[in-house]
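Commentary on secondary and tertiary structure
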Amino acid sequence: MNRTMLFFFAVCIMSSFSFQKDKTIKFRKQMIAAESAESVGVFDVNGDHILDIVSGSYWYEGPLYLKRHFIGQIERVSEYYDDFSTIPFDVNGDGKIDFITGGWFGKTLRWRENPGNNEEWKLHDIAQTGNIETTRSWDVDGDGLDEIVPNTPGSPLIYYSIKRDKNNKATGEFAITQVAEKQGHGLGFGDINGDGRGDFIVADGWLQAPADREHAPWIHHADFDLGSDASVPVIVADVNHDGLNDLIAGHGHSYGLNWYEQKREGDKIKFVRHIIDSVHSQYHTMAWEDMDNDGQMELVTGKRFRGHNDGDAGCNDPIELCYFKWNGTSFKKNIISNGPLGIGKGTGLYFSIADLHNTGKKDIIVAGKDGLYVFFNEGLK
């Protein structure tokens, strides 16, 4: 093979690689409802082995999501429905999936009981918590089962573990473990120091998990400050693949999205902030998922529409849903939806990612004051 042919062959390979590299995921947008609840969960409500969508006062029957069923009335305060998470959980062990929620105004962690028919879902109180920004679930104690963790700014950081009987069946009751006397706006969970135990990320640092999470104190390390409006969740992940877990945090009520690179100096841990996006606001929630099936995780996030109604910085900027892909040195932004109300779509407080139609590709299901939508993943284009 002469030099000309070698050069031509190399150019073809590089062009092919560049073309593959520049591909982005195409999403097909489907409106589900003109509702303004800010949370949506995905699970099989009726036991037909087809995923359904649960948001606000209704659940939407899969696979078409055109038929809706009433769940129950939700308290309305100003522009808000006091329903700030939709965590699927069989709370009472009856084999039907319920969900866990809570709100800012009611100051109560609650669960809705799936009746298994078209009757109204009974609402049960779990605990009085203080104002709930939103709620997440993580396996805090390392037993393979998730605990429920509300973000309650100004109130204690507590996780709730479902009690189980001798047959490991959920009983509908929860054990309460306090981690810290107070927490701020923003919450994450993951192993910071590499000891195999998950630590809590709070606005003003991280809380190191002891071996005995239930009884021993969690040690606070003020190694960073995420500000007074940090996202929920704060993502804990090894972004740059150096073997150390980093952080990804947005500003939920102001401008900015950043990642914090973990550095080690002997036993000392420190974090270096890197800007991902400084020109968009209200990055209140996010997910870390492999959206293009390449084995690498992407950051899915966007703007929460009217988080504090008209009170947030950038509240009148275009609404956006997007994903960021790590390219080895930085994050590249890919727009999924952008524009004014009716064209762009935001993230709400709690969104879901699931393969709704068993295509092998993960879809994005997102609620908010700008409506309930599905973005079906149609793969790289």
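One structure accompanies this document, and this report is about it. (Residues numbered from 1 in each chain as written. Predicted model: local features only at pLDDT ≥ 70, side-chain atom pairs only at ≥ 80, totals over all residues. Heavy atoms only, no water.)

Here's the deal with the sheet that holds strand β30 (residues 372-380)
The strand order across the open sheet formed by four strands is β1-β30-β29-β28, and the pairing between neighbours is antiparallel. Strands at the two margins of the open sheet, each flanked by one partner only, are β1 (25-33) and β28 (352-354). Each neighbouring strand pair of the sheet contributes to a mean axis angle of 20°, computed without reference to strand direction. (Pairing = 2+ DSSP bridges. Helix = DSSP H or I, 4+ residues; strand = E, 2+ residues; numbered from the N terminus. Axes fitted to C-alpha atoms, helices over the stretch in contact; angles between N-to-C directions.)

Quick look at the side chain of N131
Of note, N131 is situated in the loop between β11 (122-128) and β12 (134-138). Looking at N131, its side chain comes within polar contact range of the main-chain oxygen of W104, at 2.7 Å. Beyond its immediate sequence surroundings of up to four residues, N131 is in contact with G103, W104, K107, N151, T152 and P153. (Polar contact = N/O pair within 3.5 Å; in protein donor to acceptor, adjacent residues only side chain to side chain. Contact = heavy atoms within 4.5 Å.)

Examining the nonpolar core
In globular proteins that are soluble, nonpolar side chains generally tend to be buried together. Of all hydrophobic cores here, the largest spans 16 residues; its most connected members are V91, I100, L109, I126, I148, Y160 and F174. Counting only elements with at least two residues in this core, the list comes to β8 (87-89), β10 (108-113), β11, β14 (157-164) and β15 (170-180). Here this core gets three residues from one element, more than from any other, and that element is β14. Residues within four places of F174 in sequence aside, it is in contact with V91, I100, I126, I148, Y160, S161, I162 and K163. (Core = buried A, V, L, I, M, F, W, Y, C linked by side-chain atoms within 4.5 Å. Buried < 20%, exposed > 50% of the residue type's maximum accessible area, 1.4 Å probe, protein only.)

So, the sheet that holds strand β22 (residues 255-265)
Taking strand neighbours across the sheet as the criterion, the four strands line up as β20-β21-β22-β23 in an open arrangement whose pairing is antiparallel. A single partner strand is all that each edge strand has here, and the edge strands are β20 (235-237) and β23 (268-281). Taking the axes of each pair of neighbouring strands and ignoring which way they run, one obtains an average angle of 20° across the sheet. Where β22 and β23 come together, 10 bridges link them in antiparallel fashion. Each residue of the ladder has a partner; that of E265, found in β23, is K268.

Side note on the pattern of salt bridges
Overall, the coordinates contain 18 salt bridges when judged by the stated rule. In this structure, E320 engages K333 in a salt bridge whose closest nitrogen and oxygen atoms are separated by 2.5 Å. With E320 in strand β26 (residues 319-326) and K333 in strand β27 (residues 331-339), the pair connects residues that are 13 residues apart, well separated along the chain. The partner of D370 in a salt bridge is K345, with the nearest N and O atoms 2.7 Å apart. (Salt bridge = Lys/Arg side-chain N within 4 Å of Asp/Glu carboxyl O.)

Keep in mind these numbers describe shape, not what the thing actually does.
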